[in-house]
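Chain residues, written in single-letter form:
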Amino acid sequence: MSEDVRLVAWVRGHVQGVGFRWFTRAKALEIGGLSGFALNLADGRVQVVAEGPREGCEGLLDWLQGADTPGRVDGVTEIWDTPRGGYDGFAIR
C-alpha cells in the first residue's frame, strides 16, 4: 500500500501566460488520486501543491521537470512533507 505524501514544488522559467496551471491540473487529474492546486506567484514562478500517493506525486514532479510542459521550465525546487488535507480536488488558483 502506498504512503500518502505532500509535494510542494516551485517551477521557474517562462511558466505564466502559457496555460501551465491548466496543464498541471490536467496532468494531476490524469495521474489520479491527487488533490491540491497550482498557483501563479508574483515573482513569475508557479507553485504546485499536490497530496496523495507517493507514486502519483513523483509522477507529477517528473512531468513538471520534463520537456512536455507548456512554456519553458528552467528549474523546479521541491519539498516533501506529510499531507495536511483540506483540498477538494485539484484546483487552479
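Scoring rules and cut-offs
Residues numbered from 1 in each chain as written. Predicted model: local features only at pLDDT ≥ 70, side-chain atom pairs only at ≥ 80, totals over all residues. Heavy atoms only, no water. Helix = DSSP H or I, 4+ residues; strand = E, 2+ residues; numbered from the N terminus. Rg over C-alpha atoms; globule rule 2.2 N^0.38 Å. Buried < 20%, exposed > 50% of the residue type's maximum accessible area, 1.4 Å probe, protein only. Contact = heavy atoms within 4.5 Å. Areas by Shrake-Rupley, 256 points an atom, 1.4 Å probe, with all protein chains shown as cover. Lys, Arg positive; Asp, Glu negative; His and termini not counted. Charge placed at Lys NZ, Arg CZ, Asp CG, Glu CD. UniProt positions renumbered as here; feature names shortened; annotations may be inferred. Polar contact = N/O pair within 3.5 Å; in protein donor to acceptor, adjacent residues only side chain to side chain. Expected span 1.5 Å × (residues − 1). Arc of directions from axis to C-beta. Pairing = 2+ DSSP bridges. Axes fitted to C-alpha atoms, helices over the stretch in contact; angles between N-to-C directions.

K.L.:
How would you explain the overall build of the protein chain if you had to name every residue and give the values?
P.N.:
Assigned secondary structure in the protein chain consists of two helices and five strands. Traced from its N-terminal end to its C-terminal end, the protein chain shows the element sequence β-α-β-β-α-β-β. For the protein chain, the C-alpha radius of gyration of 12 Å lies close to 12 Å, the compact-globule estimate for 93 residues. Principal axes of the C-alpha set define a box for the protein chain whose edges measure 35 × 25 × 20 Å. For the protein chain, with 93 residues in total, the buried portion stands at 38%. Look at the contacts in the protein chain between residues 6 or more apart in sequence, and 76% of them connect residues 24 or more apart. Accessible area for the protein chain stands at about 5000 Å²; split by element, carbon and sulfur atoms hold 47% of it. Taking the average location of the 10 positive side-chain charges in the protein chain and that of its 13 negative ones, the two points are 8 Å from each other.

K.L.:
Mind laying out the UniProt feature "active site" (unreviewed entry) in the protein chain, listing which residues take part and the relevant values?
P.N.:
The UniProt record marks R21 and N40 with the feature "active site" (unreviewed entry), using the residue numbering of this structure. Sequence-wise these annotated residues cover 20 residues; spatially they are packed, their C-alpha atoms never more than 7.8 Å apart. The topology assignment puts R21 in helix α1 (residues 20–31). By relative accessible area, which is 28% here, N40 ends up partly exposed. What N40 contacts, discounting residues up to four positions off in sequence, is Q16, R21, R45, V46 and R93. A polar atom in the side chain of N40 sits 3.5 Å from the side chain of R21.

K.L.:
An account of α1 is requested, with residue identities and associated values reported.
P.N.:
Over its 12 residues, α1 extends 16 Å from the first C-alpha to the last, a length consistent with the 16 Å expected when each residue adds 1.5 Å. Taken together, the buried positions of α1 are F20, T24 and A28. Buried residues in α1, looked at end-on, bunch into an arc of 70 degrees, giving them a common side. In α1, those exposed residues whose orientation departs by more than 90 degrees from the buried face are W22 and E30. Contacts made by the buried residues of α1 are with β1 (4–14), β2 (35–40), β3 (46–53), α2 (54–65), β4 (72–81) and β5 (90–92). At the C-terminal side of α1, G32 shows a positive phi close to 85 degrees.

K.L.:
Go over the UniProt feature "domain: Acylphosphatase-like" (unreviewed entry) in the protein chain, please, and point to the residues and values.
P.N.:
Mapped onto the present numbering, the UniProt feature "domain: Acylphosphatase-like" (unreviewed entry) falls at residues 6–93. Within residues 6–93, the helical portion is 27% and the strand portion 41%, while the C-alpha atoms at the span's ends are 18 Å from each other.

K.L.:
Give me the sheet that holds β3: which residues, what numbers.
P.N.:
In spatial order, the strands read β4-β1-β3-β2-β5; together these five strands make up an open sheet with mixed pairing. Looking at the sheet topology across the chains shown, the edges are occupied by β4 and β5. Neighbour to neighbour, the strand axes of the sheet diverge by 15 degrees on average, direction disregarded. Examined bridge by bridge, β1 and β4 share nine bridges and lie antiparallel to one another. Each bridged residue has a counterpart across the sheet, and for R6 the counterpart in β4 is D81. Strands in contact with α1 are β1, β2, β3, β4 and β5; relative to β5, the strand with the most contacts, it is inclined by about 175 degrees. Sitting on the sheet, α2 is in contact with β1, β3 and β4, with an inclination near 155 degrees to β3.

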